[in-house]
Amino acid sequence: MNVNEHQEPQDQGGEDAQVSKGTTLDPGGVPEAAIPELVIISGMSGAGRSTAAKCLEDLGWFVVDNLPPALIPTMVELGARSQGNVARIAVVVDVRGRRFFDNLRESLADLEAKHVTRRIVFLESSDEALVRRFESVRRPHPLQGDGRIVDGIDAERELLRELRGDADLVIDTSSLNVHELRAKMDAQFAGEEEPELRATVMSFGFKYGLPVDADLVADMRFLPNPHWVPELRPFTGLNEEVSAYVFNQPGAKEFLDRYAELLRLIAAGYRREGKRYVTIAIGCTGGKHRSVATSEKLAARLAAEGVETVVVHRDMGRE
């Protein structure tokens, strides 16, 4: 079920969900196995929250849009008492309910104390992309007041800064269309069994900017650039000859071995802390040769070690 009425750029909202306030979460009153999974979807207005929510709804999640944060524990308890009919709940929380937003941290602490599994998905986008989306539908930003769209975006970004830092999964939708965002959500949530850790290995070009959703960033510009080899220039790091050139350079194989070892250490810590998603960004100048070849090799290493891995080549083909 999805409660959606209000429309915003690449995003939808709704009136405050009506749930009784007379009940509080009490896992002691129901079997712990009956407590549903919880995903909290938040992020910038216009970044695609409603698309993400619809994707989860299509995957069988019970979705509630614009639920006041103070009512999240109540929603989870209602799911726990549904005799297994509501096993997975997704809640969209955003600045439309800003008068309730201060209650979010208290609700999250309450859920953690009662051993409710919860994940936060944060939808991010650049200022330029958000401005374009709001202007295309001729709607104001919910926080701009009498100011400009960019004033509302700045205010919202500051309001959500702490929540973004707590997010388990950050998705940058600046260059994504609706279908690409759905594909990213499907890649993270479509599996029947939740893996211990999911990794996105993303190649990128520094000249196009750092990926804002990266948890870890590695720089491959310490290796010679195949761009300056005429016979390799037209190809990408997916080409075997380009890959062989990159990994025949001094330090390339050593970097891959040691970085994979470092990621094993980090992955173990993420699992202990309950973090299920990690985005590893591998950069070179243009995102065409060195970063692509390295991302492919690194993803293969992670997959061989049991980490469910998705490879994304953000900037390949842009030049």
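Structure first, text after, so check above.
Residues numbered from 1 in each chain as written. Predicted model: local features only at pLDDT ≥ 70, side-chain atom pairs only at ≥ 80, totals over all residues. Heavy atoms only, no water.

(A) Broad picture of the overall build of the protein. For the protein, the helix and strand inventory stands at 10 helices and 11 strands. The buried share of the protein, taken over its 319 residues, is 50%. Sequence-distant contacts, at least 24 apart, represent 81% of the contacts inside the protein between residues at least 6 apart. Looking at the protein as shown, the accessible area adds up to about 15200 Å², and 49% of this sits on carbon and sulfur atoms. (Helix = DSSP H or I, 4+ residues; strand = E, 2+ residues; numbered from the N terminus. Buried < 20%, exposed > 50% of the residue type's maximum accessible area, 1.4 Å probe, protein only. Contact = heavy atoms within 4.5 Å. Areas by Shrake-Rupley, 256 points an atom, 1.4 Å probe, with all protein chains shown as cover.)

(B) How the structure looks around the pattern of salt bridges. Counting across every chain of the model gives 20 salt bridges. The closest approach of N and O atoms between Arg105 and Asp166, which form a salt bridge, is 2.4 Å. Of this pair, Arg105 sits in helix H3 (residues 104-113) while Asp166 sits in helix H6 (residues 161-166), placing them 61 residues apart in sequence. On the accessibility criterion, Asp166 (34% relative accessible area) is partly exposed. Linking Arg157 and Glu124 is a salt bridge whose minimum nitrogen-to-oxygen distance equals 2.6 Å. Taken together, the positions of Arg157 in helix H5 (residues 149-159) and Glu124 in strand E6 (residues 118-124) put the pair 33 residues apart, joining distant regions of the chain. The exposure class assigned to Glu124 is buried, which follows from its relative accessible area of 6%. Here the salt bridges do not stand alone but share partners, grouping Glu124, Asp127, Arg157 and Arg164 into one network. (Salt bridge = Lys/Arg side-chain N within 4 Å of Asp/Glu carboxyl O.)

(C) The packing of helix H8 (residues 240-247) against helix H10 (residues 290-304), seen in detail. In contact at an axis separation of 9 Å, H8 and H10 are set at 90° when each is read in the N-to-C sense. Comparing their axes, H10 and H8 come out roughly perpendicular. Across the interface between the two elements, Ser243, Val246 and Phe247 of H8 pack against Arg290, Ala293, Thr294 and Lys297 of H10. Grouping the amino acids of the contact of H8 with H10 by side-chain chemistry returns three nonpolar, two polar and two charged. (Axes fitted to C-alpha atoms, helices over the stretch in contact; angles between N-to-C directions. Parallel < 35°, antiparallel > 145°, perpendicular 65-115°, else oblique. Nonpolar A, V, L, I, M, F, W, Y, C, P; charged D, E, K, R; others polar.)

(D) Structural detail: unusual backbone geometry. Phi at Asn66 takes a positive value of approximately 60°, unusual for a residue other than glycine. Along the chain, Asn66 falls in the loop between strand E4 (62-65) and helix H2 (72-80). On the basis of relative accessible area, Asn66 is assigned to the buried category, the value being 4%.

(E) Focus on the nonpolar core. One finds Leu38, Ile41, Leu56, Ile72, Leu123, Met185 and Phe189 to be the most contacted residues of the largest nonpolar core, which totals 51 residues. In contact with Ile72, not counting residues within four places along its chain, are Leu38, Ile40, Leu67, Val91, Val93, Leu104 and Leu111. Core analysis: the second largest hydrophobic core is formed by 28 residues, Phe247, Phe255, Ala299 and Leu302 among them. (Core = buried A, V, L, I, M, F, W, Y, C linked by side-chain atoms within 4.5 Å.)

(F) Representation of the sheet that holds strand E3 (residues 37-43). Read across the open sheet, the five strands follow the order E4-E5-E3-E6-E7; overall the sheet is parallel. The sheet is open, and its two borders are formed by E4 and strand E7 (169-172), each paired with just one other strand. With strand direction ignored, the average angle separating the axes of adjacent strands in the sheet is 20°. In the sheet, E4 pairs with strand E5 (residues 88-92) via four bridges, with the strands oriented parallel. Each residue of the ladder has a partner; that of Val64, found in E5, is Val91. Sitting on the sheet, helix H7 (residues 178-189) is in contact with E3, E6 and E7, with an inclination near 160° to E7. (Pairing = 2+ DSSP bridges.)

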